[in-house]
Structure formats: structure tokens, C-alpha cells
Amino acid sequence: MSIEKKTDINKDGSKVFCNKPFEHNYIHPNGKMRLCCTTIQDIPTDNNYNLFDANKHSIDDYWNSNRMKEIRRKMIAGEKIRDCEKCYRQEKQGAESLRSTQGMNKYIMDTLPDGTHQKNATSMQIQLGNICNLKCKMCSQMYSHMHGMETRDIGKQDPEWLHWVKEQGANVNNWTNELGVKQEWYKNTEFKLKMFEHISKNIMHLNVIGGEPTLIPEFYELFEYCDKQGTLGSKSVTLVTNLTNTNNKLTNWLPKLKNWTIWASVDGVGERTEYIRYPSKWDKILESLEFYRNIMGDNGKIVLSPAVQLLNIDQLDDIVKWWKEWCDAPIDFTQGFGWTWTATVWYPLICNPNMAPREWRLKVADKLSKYKFDQNYQNIIDELRRDQHTPEKYRELQTAFIKYNDRQDKFRNVEKTWRQLLPELGIALEKSLKI
């Protein structure tokens, strides 16, 4: 019996289709395999009981699993996928999502009617666990073991606060399970080597995130493996880093790549980013930026990737101005420098700028409007002017913001608290809550 492939999609296909299930591998910090970094659904094994885990399974194990084939079939048929709800929601709100239809017809041609994709992925994002040296305000246990340890330690002093944090969930902290646990799925030698082999043979575009990748020995082992196999020259690598650590080994490997990009996680200028990305130091961040600039050559890029949030939204124009000044070149990628908006914070909700009092948001929007940048910048300003919650939800989130950050600042004994860094926000919150 002959097998006839689908060669087209229905008229709604482009509204739900995404190329990620056809060309992309993604490993979450805990080792679980997902469609991409945007979704929250792990891929189940064929028994629908266990989950694919990079500590126990290879990429080949999950790539044409029952769930992956089902996702591809539904996308080709123009049906929405629950794993993709975040992108659908962002697009509905007028924001740019990570969903891409590029190469759609080709990917469909390479997919059998049962959803089996006959080619390996060529792009991949690996999140190398949660080992990190920072405790960023918008972060959680899943992405920083240090953040989890701190939350646990505050709870030892203040059990009521920790109980409240767990009850609040995504309002204040996206992850409070297994606080302080280190996610190190890459320590399994057998599956680590299988991963290295897969990347070396198949992956052309690789994104590496942590935790903080530059702290993890296996990050450098991967480069060494590909270098020995002679495959570095075919790869484009993006490294997401908090710029608190560099390694001279990279001066040997980065120039050998087809191209490389540093996504610099900087959330403010000077003391503001030190507060948000505690306990980073501004001078070290500038030193690391110079380290990468000195080895850029013709194949390197540095892209600023700020996590736009309540704690820095008032400074957004200043961040853009600083970045343009530091680059001393256009930030449109033509000369190796750029800017990305993909790190805009949606959760936890107390970090989203829209939870602030309306009066303060409008004042910030007016300030930002005096500076012109790009359409995404304007979209953020427009969002500030919109009310997105009920009065009751605003009160809940504003109360939670104060309680969470006051307690965390007290535990850290920071030089400047959020109230000192953003005094007008503090006044606006007190007025809104009638404190």
C-alpha cells in the first residue's frame, strides 16, 4: 500500500503552524524535553505516564514519539496545540511571539501522514540546569538554585512568608518546589555523550542557556567535543549569559564557529541592574562585555537582552541610550550589535509592569514616549496605558509586590531597597492601596 503525504494545509494552518516541532530540539533546565522554551508542557513517553528526560533518554527517543507525531498532525490540519497557548495569547495581544511558519511547506513535505518527521532537527536550545550565581528578582528555583536556596532560607526565618509565597504561585514566584535542588541532568555520562554526538552531527543553530552556562564544565566539554570532531565551523551558537563570568577558552573556540552571538542579560544601568540581578556588579558586567567585544571579529555579535519588567520599565529609554553609547555603532545587527525584546517578563505577575498603579504607569509611558526606538518599544508603551486587571486583582498584585520585595530586601540587606531605587513607585503603590 502506498503512503501519500500531505502537501498543503487548510486555510487556517498558518495561524497555528509553527516550525519548532519539525526542526527544533529543546531541553528544559530540569532535563525534560519540550517543543520549545515558550511552552510549559513536557513531552510524555509513549506510555503517557513518564516524561522524556535528557538524563534518561536520547533525542532520538522523543523525536518521533506518539505525542510529537500527534502535534505535527494537528498543526498540519490547522488545529491549535495546547502547548502553544502562550504564543497564541501574545499574538492576540498584539505582541511578537516566537512562533514561526518559515519553511512550512518543506517541513510538511518531509512529514508522513502519521506525523513522523523524516529528518533530524537542525536547531536546538539546551538549558544547562539551574546552576547560577545570581538570584534575579524575576527568577525562581527552576532557573537558579541560588534563588531557590535563598527562598528556602528566608522561609526558615519566616515560615508564614514561605507558606504565602507557595500559595501565591505565579503571582510572585514561578517555582517553589524542591527549593535549593541542583538540576544537573547533563551529569549522566552516557546520555551526555549521545547529546554531544547529536549536536555535533545535526545541529546547525544552537542556543545555550542556564542557569549560567559559563559556570558549568559540561558547557566547555561540548565545545571541546565539537572542536575535536571538526564541526564547530558549521555551527551558529547563541550564548545567553549574565556577564558575571568569562573563560579564556572561548577565545579559541568562538572564532572557529560559523558565527556566534552573546545575548547579554542586562536589566538596567548601574545600580538598577545590580539590584534586579543580585548580587551582580556593574563593573564586572562592563568588563565581560569588553571581553566579548575584543574577540568579535567578523563572526561575532553582542545583543542586549533586557528582561523588561516593573523594576526597570521606567528606565527603559535610559537602557537603550546607554547601549547605543556603549556600542558606538548602530544596534541593527549591521555592525555586530543588536537588541532583542524576547526576554520581556510576563511572569511572575508582580514583575509585569502592568500591575503598577495606573497613575504611575501613565507617567512612565509619557516619559518613554519622548524617546523613539522601534515598534516593540512603542508596543510596551501602549501596554502601559491599558488596564489589564480588575480592581481586585490590581490590589492583590500590588499588595503581593510590596510583601515579597520588602521581605527579600530585608533578608539580603541590600544597599538600596526597591523603595529607594523607585521612590515614585512606592508612593504610587501606597496611594493606590491607601496605606
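Here, every reference points to the structure presented above.
Now for a look at the structure at hand. (Residues numbered from 1 in each chain as written. Predicted model: local features only at pLDDT ≥ 70, side-chain atom pairs only at ≥ 80, totals over all residues. Heavy atoms only, no water.)

Here's the deal with the nonpolar core
Counting residues in each nonpolar core, the largest one holds 122 residues, and the members touching the most others are Tyr292, Trp323 and Phe401. Looking at this core element by element, the count peaks at 7 residues for helix 14 (residues 316-327). Once you skip the residues sitting within four places of it in the chain, Phe401 turns out to touch Leu310, Leu311, Ile350, Met355, Trp418, Leu425 and Leu429. (Core = buried A, V, L, I, M, F, W, Y, C linked by side-chain atoms within 4.5 Å. Buried < 20%, exposed > 50% of the residue type's maximum accessible area, 1.4 Å probe, protein only. Helix = DSSP H or I, 4+ residues; strand = E, 2+ residues; numbered from the N terminus. Contact = heavy atoms within 4.5 Å.)

A few points about the environment of Ala170
When you line up the elements, Ala170 lands in the loop between helix 8 (159-168) and helix 9 (189-202). C-alpha of Ala170 to C-alpha of Asn47: the two residues are 123 residues apart in sequence and 30 Å apart in space.

Describing the sheet that holds strand 3 (residues 123-127)
Note: strands within a sheet are paired through backbone hydrogen bonds, in either parallel or antiparallel orientation. One open sheet holds the 8 strands; their spatial order is 2-1-3-4-5-6-7-8, and the pairing between them is mixed. Strands with a single pairing partner mark the edges of an open sheet, and in this sheet they are strand 2 (33-34) and strand 8 (337-339). Across 3 bridges, the pairing between strand 7 (residues 300-304) and strand 8 is parallel. Across the sheet, residue Leu304 finds its bridge partner in strand 8, namely Trp339. (Pairing = 2+ DSSP bridges.)

A look at the pairing of strand 6 (residues 259-264)
Pairing geometry for strand 5 (residues 236-241) and strand 6, over 6 bridges, is parallel. Among the inter-strand pairings, Thr241 is bridged to a residue of strand 6, identified as Ala264. As paired strands, strand 6 and strand 7 are joined by 5 bridges and run parallel to one another. Residue pairing across strands places Trp263 opposite Val303, the latter belonging to strand 7.

Considering helix 14
Spanning 12 residues, helix 14 covers 17 Å between terminal C-alpha atoms, matching the ideal 16 Å at 1.5 Å per step. Looking at the buried positions of helix 14, the neighbouring elements they touch are helix 13 (282-293), strand 7, strand 8, helix 15 (358-369) and helix 16 (375-384). Where helix 14 ends, the next residue or the one after it, Asp328, has phi of about 55 degrees, a positive value. (Expected span 1.5 Å × (residues − 1).)

A word on the pattern of salt bridges
Evaluated as defined, the whole model comprises 37 salt bridges. With its nearest N and O atoms 2.9 Å apart, the salt bridge here joins Arg67 to Glu70. Linking Arg67 with Glu70, this pair stays in helix 4 (residues 66-76), spanning 3 residues, or about one helical turn. Residue classification places Arg67 among the buried positions, given a relative accessible area of 10%. Among the residues examined, Glu70 registers a relative accessible area of 26% and is labelled partly exposed. Of the charged contacts, one joins Glu150 and Arg412 as a salt bridge, the two residues approaching to 2.8 Å between their closest N and O atoms. With Glu150 in helix 7 (residues 145-157) and Arg412 in helix 17 (residues 391-412), this residue pair connects regions lying 262 residues apart in the sequence. If you follow the salt bridges from partner to partner, you end up with Arg67, Glu70, Lys74 and Asp83 in one network. (Salt bridge = Lys/Arg side-chain N within 4 Å of Asp/Glu carboxyl O.)

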